[in-house]
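Coordinate analysis (summary)
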Amino acid sequence: MKKDKKRKMKIMVSACLAGENCKYNGGNNRNEIVLKLMADNEVITVCPEQMGGLPTPRVPSEVRDGLVITKDGRIVDAEFRSGAAKCLQLAKRLQPDLIILQSRSPSCGVKQRYDGTFTGTLVDQAGVTAQLLMENGFRCLDVEDLVTVQRGFKR
Ligand code: SF4
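These lines cover the structure that appears in this document, whether it is placed above or below. (Residues numbered from 1 in each chain as written. Predicted model: local features only at pLDDT ≥ 70, side-chain atom pairs only at ≥ 80, totals over all residues. Heavy atoms only, no water.)

1. A few points about helix α4 (residues 128–135)
Here α4 has its buried residues at Val-128, Thr-129, Ala-130 and Leu-133. Of the surrounding secondary structure, the elements contacted by the buried residues of α4 are α2 (48–51), β3 (61–64), β4 (67–70), α3 (77–94), β5 (98–101) and β8 (140–142). Positive phi shows up at Gly-137, right after α4, with a value of about 90°. (Buried < 20%, exposed > 50% of the residue type's maximum accessible area, 1.4 Å probe, protein only. Helix = DSSP H or I, 4+ residues; strand = E, 2+ residues; numbered from the N terminus. Contact = heavy atoms within 4.5 Å.)

2. Notes on the pattern of salt bridges
Within this structure, the stated rule accounts for eight salt bridges. For Arg-74, the salt bridge is made with Asp-72, and the minimal N-O distance between the two is 3.8 Å. Taking relative accessible area as the criterion, Arg-74 reaches 44% and is therefore assigned partly exposed. The partner of Lys-111 in a salt bridge is Asp-145, and the shortest N-O contact between them spans 3.1 Å. Of this pair, Lys-111 sits in the loop between β5 and β6 (113–114) while Asp-145 is found in helix α5 (residues 143–154), placing the two residues 34 residues apart along the sequence. Note on Lys-111: relative accessible area 40%, which makes it partly exposed. (Salt bridge = Lys/Arg side-chain N within 4 Å of Asp/Glu carboxyl O.)

3. Let's talk about the nonpolar core
Of all hydrophobic cores here, the largest spans 16 residues; its most connected members are Met-12, Ile-99, Leu-101, Leu-133, Phe-138 and Cys-140. Residue assignment for this core shows that the elements contributing at least two residues are β2 (42–46), α3, β5 and α4. The biggest single contributor to this core is α3, with four residues. Look past the residues within four positions of Ile-99 in its chain and what remains in contact with it is Met-12, Leu-133, Phe-138, Arg-139, Cys-140 and Leu-141. Counting residues in each nonpolar core, the second largest holds 11 residues, with Val-13, Leu-17, Leu-98 and Ile-100 among its members. (Core = buried A, V, L, I, M, F, W, Y, C linked by side-chain atoms within 4.5 Å.)

4. A few points about the packing of α3 against α4
Close contact between α3 and α4 brings their axes to 9 Å; oriented N to C, the two are set at 40°. Crossing handedness for the pair α3 and α4: right-handed. Contacts from Phe-80, Arg-81, Gly-83, Ala-84, Ala-85, Cys-87, Leu-88 and Ala-91 of α3 reach α4 at Val-128, Thr-129, Leu-132 and Leu-133. (Axes fitted to C-alpha atoms, helices over the stretch in contact; angles between N-to-C directions. Left-handed = near helix turned anticlockwise from the far one by under 90°.)

5. Quick notes on the sheet that holds strand β1 (residues 10–14)
Pairing in this open sheet of four strands is parallel, and the strands run β2-β1-β5-β8 from one edge to the other. Looking at which strands have only one partner, the edges of the open sheet turn out to be β2 and β8. In this sheet, adjacent strand axes meet at a mean angle of 25° when their direction is disregarded. In this sheet, β2 lies alongside β1 in parallel orientation, the contact comprising five bridges. (Pairing = 2+ DSSP bridges.)

6. Overview of the environment of Gly-19
Along the chain, Gly-19 falls in the loop between β1 and α1 (32–40). Distance from Gly-19 to Val-143, taken between C-alpha atoms, is 14 Å for residues 124 residues apart in sequence. Discounting chain neighbours no more than four positions away, the residues touching Gly-19 are Asn-28 and Arg-30.

Here is the structure:
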C-alpha cells in the first residue's frame, strides 16, 4: 500500500532566522531548527524592517509610547509600519499555516520587545509586525517557543 505523502506546511519566517544578513548590525539569527523546517516545508522569508525601506546595517530601534525610534533619536515609525503592512499583505495573499518570528525584536517579537529606553528592559508586548499579523488572525510563534516544542518532542 502506498504511504500518504505528508502535507507540506506553508510557513512565513523572519529572514534573519533563515540566515539572511538583515539584522540591524548586518548579521543574522540563523537557527538550525528553522533551517530544518525550511528543508521540509514551503517557506516564505520576510524582513519587515528592510521591506519598510530601512538599510542594513542600521541604527537599532525600539518602540516607545507606541512610536518606533532609533537609538540616536530619529522617528522610524512610518518605515516600521510600512514593512508590517507589506508582511500582512503577503500573509493575506499566501495564507501561511504558521508564522515563526525572531524574539524580542521591535518588529518581529511575538511575546516581548524592549521598552524604548535602550536599557535592555523588556515588556510583555509584541513588535509592530507581529502585533499586526496577530490582530489579523495569523498564528505567530516566537522562535524560542519553537525550540521548546522541539525539545518536548525529543523527550
Ligand atoms: S526585522 Fe525581523 S526579520 Fe528583520 S532582522 Fe529584525 S527580527 Fe530579523
